[in-house]
Amino acid sequence: MNRQGVIQVGMLAAFLSLAGCASGPGGSIYVPAGGSDRAPEPPQTSEDKEPEVWKKSEQAEDQKPEQRQQRSNKPSYRDAGDELSPAALSLVREADNLLKSGDAQGAIVRLERAQRIAPRSAEVYFKLSEAYVAGNKLGPAEQFTLKGLSLAGSDARLQRAGWLLLADIRRARGNMAGASQAEDRASAL
């Protein structure tokens, strides 16, 4: 078959496939179950009027919605992170021993397990950060320190330790301004 014949056959196939998708003279191609020609009417509500929808933009400023929730004066963060469970504490101690022996990767593995056990413990994140520093992975170390700081809550001891750790990490990365800011935050506690 020559090239023009292939093009004509291709165009004929495209035309037929498009013609099959088009609706016929009877209108829509939708046929409801049961064989009737008409689709069933949508269900009607018992009320004749439309339901009222509360829109904030249409409310006067002095009006309050009926179901307004009361805000508490408590901060959105916790006062302190979670306490360490015995399993997580055991993993942290094991990681400390591995760090002392120079096995930073082994310590990271243990601390990541501890983090899965106690995901809201700032202490685990700070220890994990120290292990990453020992493994010369300063980017993740900084991120884990920041996460630990976010979980430290109002525990001044943990926050001070976290800010000092962050200052050391930033200094090692060459970020002297960031290190100075972290030290200032630590000294303010």
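Further up the page is the structure itself.
Residues numbered from 1 in each chain as written. Predicted model: local features only at pLDDT ≥ 70, side-chain atom pairs only at ≥ 80, totals over all residues. Heavy atoms only, no water.

### Thoughts on the packing of aromatic side chains
A complete count under the given rule lists two aromatic pairs for this structure. Consider the rings of Y132 and F144, whose centres lie 5.4 Å apart with planes at 10°: the pair is stacked. Within this pair, whereas Y132 is found in helix α4 (residues 122-134), its partner F144 is found in helix α5 (residues 138-151), the two being separated by twelve residues in sequence. On the basis of relative accessibility, which here comes to 10%, the residue Y132 falls in the buried class. Judged by relative accessible area, which is 22%, F144 ranks as partly exposed. (Phe/Tyr/Trp six-rings, centres within 6.5 Å; stacked < 30°, edge-to-face > 60°. Helix = DSSP H or I, 4+ residues; strand = E, 2+ residues; numbered from the N terminus. Buried < 20%, exposed > 50% of the residue type's maximum accessible area, 1.4 Å probe, protein only.)

### So, α5
Look at α5: 20 Å from first C-alpha to last across 14 residues, which is about the 20 Å you get at 1.5 Å a residue. Summarising the contacts, the buried residues of α5 are in contact with α4 and α6 (156-172). One or two positions beyond α5, positive phi appears at G153, with a value near 60°. (Expected span 1.5 Å × (residues − 1). Contact = heavy atoms within 4.5 Å.)

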